[in-house]
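# Per-entry structural report
Read off the chains here:
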Amino acid sequence: MTDRKNHIPFDEDNYTHNIERNNERMLDRRGFMKTLVGAAGLFAISSLPWGTIAAKELMGLAKKEYPRKKIASLKAVAVGDSVDFSFPGEHDSALLIRLSETRFVAYQNACTHLRCPVFWKKEEDKMICPCHHGEFSAKTGKPVAGPPRRPLPQIHLKVENGFIYARGVNRYEA
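Heads up: these notes are all about the structure in this document.

Turning our eyes to something else, we now look at the overall build of the chain. Along the backbone of the chain there are two helices and ten strands. In sequence order, the chain lays out its α and β elements as α-α-β-β-β-β-β-β-β-β-β-β. Each of the 174 residues in the chain was classed as buried or not, and the buried ones make up 26%. Taking the intrachain contacts of the chain between residues at least 6 apart in sequence as the baseline, contacts between residues at least 24 apart amount to 39%. Counting every atom, the chain has about 13,000 Å² of accessible surface; 54% of that belongs to carbon and sulfur.

With the rule as written, the count across this model stands at one disulfide. Lacking any disulfide linkage, C129 is separated from the closest cysteine sulfur, that of C111, by 3.8 Å. With relative accessibility at 2%, the residue C129 sits in the buried group.

Let's shift gears to the sheet that holds strand β7 (residues 134-137). Reading across the sheet, the four strands line up as β5-β6-β7-β8 and stay open at both edges, with antiparallel pairing between neighbours. Two strands lie at the open edges of the sheet, namely β5 (119-121) and β8 (143-145), each paired on one side alone. Averaged over neighbouring strand pairs, the angle between their axes works out to 40° when direction is ignored. Here two bridges tie β7 to β8, and the two strands are oriented antiparallel to one another. Residue pairing for β8: F136 is matched across the bridge by P143.

Pairing is possible between side chains of opposite charge, provided their charged atoms come close. Here the structure, examined in full by the defined rule, presents four salt bridges. Residue D81 is joined to K122 by a salt bridge in which the shortest nitrogen-to-oxygen separation is 3.5 Å. With D81 in the loop between β1 (69-73) and β2 (82-86) and K122 in the loop between β5 and β6 (126-129), this residue pair connects regions lying 41 residues apart in the sequence. A relative accessible area of 30% means that D81 is categorised as partly exposed. Put simply, E135 and K126 hold a salt bridge, and the shortest N to O gap is 2.9 Å.

Counting buried residues in strand β3 (residues 93-98) gives five out of six residues, a clear majority hidden from the surface. Remark: six residues form the turn of the hairpin made by β2 and β3, two consecutive strands paired antiparallel. Relative to strand β4 (residues 104-108), β3 runs antiparallel, the two sharing five bridges. Residue pairing for β4: R98 is matched across the bridge by F104.

Strand order in the open sheet formed by three strands is β1-β10-β9, and the pairing between neighbours is antiparallel. The outermost strands of the open sheet, each flanked by one partner alone, are β1 and β9 (155-160). Direction aside, the axes of adjacent strands within the sheet are offset by 30° on average. Looking at chain direction, β1 and strand β10 (residues 163-169) are connected through four bridges and run antiparallel. Bridge pairing in β10 links K70 to Y165.

Quick look at the pairing of β9 now. Where β9 meets β10, six bridges bridge the pair, whose relative direction is antiparallel. Among the inter-strand pairings, V159 is bridged to a residue of β10, identified as I164.

Rules used throughout
- Residue positions within a chain follow its written sequence, with the count starting from 1.
- In keeping with the model being predicted, local features are shown solely for residues with a pLDDT of at least 70 and side-chain atom pairs are shown and tallied solely at 80 or more, while totals for entire chains, interfaces and linings include all residues.
- Values shown for side chains rest on all heavy atoms present in the structure; no hydrogens or waters enter the calculation.
- Working definition: helices are DSSP H or I runs of at least four residues, strands are E runs of at least two. Numbering for both runs from the N terminus.
- To sort residues, take the accessible area from a 1.4 Å probe on protein chains only and compare it with the maximum for the residue type: under 20% means buried, over 50% means exposed, and anything in between is partly exposed.
- Contacts were defined at the residue level, with two residues in contact if any of their heavy atoms lie within 4.5 Å.
- Each accessible area is a Shrake-Rupley estimate made with a 1.4 Å probe; only the visible protein chains count as cover when residues are assessed.
- Note on terminology: disulfide denotes any pair of cysteine sulfur atoms within 2.5 Å.
- For two strands to pair, DSSP has to find at least two bridges joining them.
- Fitted lines through C-alpha atoms serve as axes, helices being fitted only where they are in contact, and the angles separating the N-to-C directions of these axes extend from 0 to 180 degrees.
- Salt bridges are counted wherever a side-chain nitrogen of Lys or Arg sits within 4 Å of a carboxyl oxygen of Asp or Glu.

Structure representation (C-alpha cells):
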C-alpha cells in the first residue's frame, strides 16, 4: 500500500514533465517591452478621438451655437449699474455691467480660482471675489489682484431695439 501512494503515474520523476524546455521563456524582457509598447500604442490610438474633441473644446475650435437671450432694456440699466442673469444655461450665473452710455460688458459670474461668485463694486470700478480677495478688471475681465490667474469668461452682447441680448460666450480664455 505504501508503494501505491508514492507511485508517480508517469515516467518522469518531477512534475515539470509537460514544459517544453525550448519554449520555457516565451515572454522574455524584450517580448514584455514589445507587449507593453503595443498596449500603450493601442490605448493612445483608441483615445485619440476623445482627445481631439477635448482639444477642440479647450482651444475654442468647436463652434458653439447659443440661443440669443434678452437680459434687460437699456432704460432699466443706469451707467455704473449691474444686472445678474443666467447664460448660457439657467444654472450659469452671469453679470452685466454698464460701463458708459454705449459700452456694456458681461462675464460669467464664477471666479476662475475656485468658482466663488464675483460681485461688481461700482465705487471701486472692479469686480471682487470675496472668498480669497480676488479682483478682476471690469473692462477686460482679467485678474488684477489675488489668486486668480485666468480672466473671467466673457459673454458676447448685442444691443438691439432698446434691449441688451447675450449671444455667445468665450468659454476658455488663453
